[in-house]
Amino acid sequence: MNTATNKTTLLRLGLFFQDCLSRFEDTESDIVSIDLQNEINLAVDLITTAKRENGWFTKDSVLGVYTAWANSLNETKVDKWLQSYDFKAVKSKKVGVIMAGNLPLVGLHDALSVIISGNVLHAKLSSKDKSLMMLLLNVIKRISLDDHCIKIVEQLKDIDVLIATGSDNSARYFEYYFKDKQRIIRKNRTSIAVLNGNENSDELNGLSHDVFQHFGLGCRNVTKLYLPRGFDLDVVFKALFHYKEIGFHNKYANNYDYNKAIYLLNQEELIENGFLLMKEDKGLHSPVGVLFYEFYDTLEEIQVIIEEQKDSLQCVVTNEELPQKVAFGKAQNPELWDYADGIDTIEFLLK
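Residues numbered from 1 in each chain as written. Predicted model: local features only at pLDDT ≥ 70, side-chain atom pairs only at ≥ 80, totals over all residues. Heavy atoms only, no water.

A. Just the layout of surface pockets, in detail. Taken as a whole, the second largest pocket spans an internal volume of roughly 340 Å³. Lining the second largest pocket are 13 residues, and of these T58, D60, F212, F215 and Y243 sit closest to its centre. Ranked by the residues each element gives to the lining of the second largest pocket, the list is headed by helix α3 (residues 59-72), at 3 residues. Looking at side-chain class alone, the lining of the second largest pocket contains 4 nonpolar, 7 polar and 2 charged residues. (1 Å grid on protein atoms, 1.4 Å probe; cavity = no way out; pocket = protein on both sides within 12 Å on 5 of 7 lines; lining within 4 Å. Points joined across faces, edges and corners; volume = space filled by probe spheres on them. Helix = DSSP H or I, 4+ residues; strand = E, 2+ residues; numbered from the N terminus. Nonpolar A, V, L, I, M, F, W, Y, C, P; charged D, E, K, R; others polar.)

B. Representation of the side chain of T318 in the model. Summarising the element assignment, T318 is placed in strand β11 (residues 313-318). The buried category is assigned to T318, whose relative accessible area is 1%. Among the polar contacts made by the side chain of T318, one reaches the main-chain amide nitrogen of E320 at a distance of 3.0 Å. If sequence neighbours within four positions are ignored, T318 has contacts with V194, K325, V326, A327 and F328. (Buried < 20%, exposed > 50% of the residue type's maximum accessible area, 1.4 Å probe, protein only. Polar contact = N/O pair within 3.5 Å; in protein donor to acceptor, adjacent residues only side chain to side chain. Contact = heavy atoms within 4.5 Å.)

C. Just the side chain of D341, in detail. Along the chain, D341 turns up in the loop between β12 (325-326) and α12 (345-350). Residue class for D341 comes out buried when judged on its relative accessible area of 17%. In this structure, D341 is in contact with R186, K187, R189 and Q314, ignoring residues within four places of it in sequence.

D. Structural view of the sheet that holds strand β9 (residues 277-280). If you trace the 7 strands from one edge of the open sheet to the other, you get β8-β9-β10-β7-β6-β11-β12, paired in mixed fashion. Both edges of this open sheet fall to β8 (271-272) and β12, since each of them pairs with a single strand only. Summarising the sheet, strand β6 (residues 190-194) and strand β7 (residues 222-228) pair through 4 bridges and their orientation is parallel. From the neighbouring strand, S191 faces β7, where its bridge partner is V222. In this fold helix α8 (residues 201-212) packs onto β6, β7, β10 (290-296) and β11, with an angle of close to 145° to the strand it touches most, β7. (Pairing = 2+ DSSP bridges. Axes fitted to C-alpha atoms, helices over the stretch in contact; angles between N-to-C directions.)

E. View of helix α1 (residues 3-25). Over its 23 residues, α1 extends 33 Å from the first C-alpha to the last, a length consistent with the 33 Å expected when each residue adds 1.5 Å. Within the sequence span of α1, burial applies to N6, K7, T9, L10, L13, G14, F16, F17, D19, C20, L21 and S22. The secondary structure elements touched by the buried residues of α1 are α2 (37-49), α3, α4 (75-82), α5 (108-116) and α6 (130-144). Downstream of α1 by one or two residues, D26 has phi in the positive range, about 55°. (Expected span 1.5 Å × (residues − 1).)

F. How the structure looks around the packing of α2 against α6. α6 packs onto α2 with a crossing angle of 155° between their chain directions and a minimal axis gap of 11 Å. Comparing their axes, α6 and α2 come out roughly antiparallel. Handedness of the crossing formed by α2 with α6: left-handed. Along the contact surface, α2 presents E39, L42, A43 and L46, while α6 presents S131, L132, L135, V139 and R142. Among the residues making up the contact of α2 with α6, the classes are represented as 6 nonpolar, 1 polar and 2 charged. (Parallel < 35°, antiparallel > 145°, perpendicular 65-115°, else oblique. Left-handed = near helix turned anticlockwise from the far one by under 90°.)

Spelled out as structure tokens, the structure:
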């Protein structure tokens, strides 16, 4: 693919997502993907039925992902993303991608990076995100007019390069099994928020999205707060309260109840409001239904922590000038050029 073809493919995919949103919301739209009507119907249906395959994939969760992609795949952002790369004289490789399934379409960015860099995608889909991803990969085939750019496989054999996302345990397996391949292997990461006490209501509202979107299951979800000593925790509880309905989701509620019972049995100190447990803890990875917090005295302390934990952090939500900084409310809305773990996937594949 050349740059023009790449751009056309990405823009048409953006229009596909816009068509799906317009159809679901039953609003008039000037966008008509006549040749993709069956796929649009399926994608619209999956907004409300994806939860049958994965109980975490609620309507709001899938809609949020569709909206994020529709907003990202516009001409301005696509041009900015592609302008840094030279796609000429690319030698096509077979790139195996082992996809995660914790969030809807979480593997789509890797898939697009492989395809637009002129390589053949060998996709190993997650059982937790099979229907959505299978549909979108078929849409990309149709849009790119290339039936050979994507292969969906059960086992990764005869590949040149590997991109894998999984747990720390699975990463050790991937490192061993694919030791002879060039590879990107992603492990467990999470995100933190650093508050200074001067956050306004919009920023605190944004923090609630960073914590609760997708039930906190993503590596870009905030699982730990760093608060200035003396910070009033009620400020946080008030900001998060409008997500109280999350407590009625069965899988989330089960996790909340389980973790609460374990902490109480261990006589751990907790603060809770019926749908969220807050625990003072030096750890980063809080379980579902729990938000860790820790107090600090100086930002220098935080800078040391970020440096020490940089391999465990995806982003840092804050309005301070800190490494891996992301604005409040933007943790789950990365730009096309915001690569997981800070590794430029397309640059890696082109080289």
